[in-house]
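The lines below spell out each chain.
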Amino acid sequence: MRIAVAGGTGAIGTLVVEQLKNAGHEPVVLARSKGCDLRSRSAVEQRLVDCESVIDVSGASTLSSAASMRYFTQSTANLVSAGRESGVQNHVALSIIGAVTVDSGYYAGKAAQERMLQMLPGGYTLLRTTQFHEFIGQNIGRLGAGPVQMAPKMRMQPIAGSEVAAALVALAGGPAQGVVQDLAGPQEEYAPDLIAKYLQAHGKSPKIVEVPVPGPMGKTMRDGGLLPGNSARLGHETFDAWLARQQPGSA
């Protein structure tokens, strides 16, 4: 199958592209670095020719509710409408468990994306997952300051990005299913603990300062609102196993 990957150069997108190739599919990468701004209807339309499915793992680099909502509603509208005209049968979108409940900051855009998908005509598949193991390293880069590393107070149940990518590829190879079963990591973790482990594995030991994120997002993070429900499907690779796999010389 010829399958478009929106956000195909990102952390999860590159895994999706790799797994599509391994499965014998032809991935078409839609990303700004590849000359395709998802906010441009004409740019999207050109790249969806002969695509049977779309996997949308794109993201916005903003914590603003308004900016996030603008990006996700515009990009989703372009991908879906251009896809319908090009014959795309299944639009597979990745969202975040708890996004609709929080509906603030970056999550406001994901919540708007979910609502839009469920209103637009045509087939779609929506997979919600928890944060990825890769999320920890991203936060270290954003919150580190010399000998001090800030860590958000956050209960989470992270999952390996490769397991999410595999689920998305499997969904894209079949018919549209609407909202499917949530996917989460194998066990609950505490973000400051994972940050400390990540730094230790990279030979660093700064002072970890736990920080409560303000607003509704922070309350949800602390209260477990981003954890999966009992009906979620659980992945297999723990954070510790994933971290060990990232080290030089690991299999």
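The structure under discussion appears in the preceding block.
Treat the numbers as computed from the prediction; the structure is a model and nothing was measured. (Residues numbered from 1 in each chain as written. Predicted model: local features only at pLDDT ≥ 70, side-chain atom pairs only at ≥ 80, totals over all residues. Heavy atoms only, no water.)

A. Summary view of the packing of aromatic side chains. Under the criterion given, the structure shown has three aromatic pairs. With a centroid separation of 5.6 Å and 80° between ring planes, the pair formed by Phe 72 and Tyr 106 is classed as edge-to-face. In this pair, Phe 72 is assigned in helix α3 (residues 65-86) and Tyr 106 in helix α5 (residues 106-119), connecting sequence segments 34 residues apart. We classify Phe 72 as buried; its relative accessible area is 0%. Pairwise contacts between aromatic rings join Tyr 71, Phe 72 and Tyr 106 into one cluster. (Phe/Tyr/Trp six-rings, centres within 6.5 Å; stacked < 30°, edge-to-face > 60°. Helix = DSSP H or I, 4+ residues; strand = E, 2+ residues; numbered from the N terminus. Buried < 20%, exposed > 50% of the residue type's maximum accessible area, 1.4 Å probe, protein only.)

B. Spotlight on the packing of helix α1 (residues 11-22) against helix α7 (residues 161-172). Between α1 and α7, whose axes approach to 9 Å, the crossing angle comes to 55°. Considering their axes alone, α1 and α7 lie oblique with respect to each other. Viewed along their axes, α1 and α7 form a crossing whose handedness is right-handed. Of the residues in α7, those touching α1 at Ile 12, Leu 15, Val 16, Gln 19 and Leu 20 are Gly 161, Ser 162, Ala 165, Ala 166, Leu 168 and Val 169. Residue composition of the contact of α1 with α7, grouped by class: eight nonpolar, three polar and no charged. (Axes fitted to C-alpha atoms, helices over the stretch in contact; angles between N-to-C directions. Parallel < 35°, antiparallel > 145°, perpendicular 65-115°, else oblique. Left-handed = near helix turned anticlockwise from the far one by under 90°. Contact = heavy atoms within 4.5 Å. Nonpolar A, V, L, I, M, F, W, Y, C, P; charged D, E, K, R; others polar.)

C. Broad picture of α5. Taking 1.5 Å per residue, 14 residues should reach 20 Å; α5 reaches 21 Å between its end C-alpha atoms and fits that length. Buried residues dominate α5, accounting for 10 of its 14 residues. Of the positions making up α5, those classed as buried are Tyr 107, Ala 108, Gly 109, Lys 110, Ala 111, Ala 112, Gln 113, Glu 114, Met 116 and Leu 117. Each element contacted by the buried residues of α5 is listed here: β3 (53-56), α3, β4 (90-96), α4 (99-102), β5 (124-129) and α9 (215-223). (Expected span 1.5 Å × (residues − 1).)

Nothing here speaks to function; it is geometry throughout.
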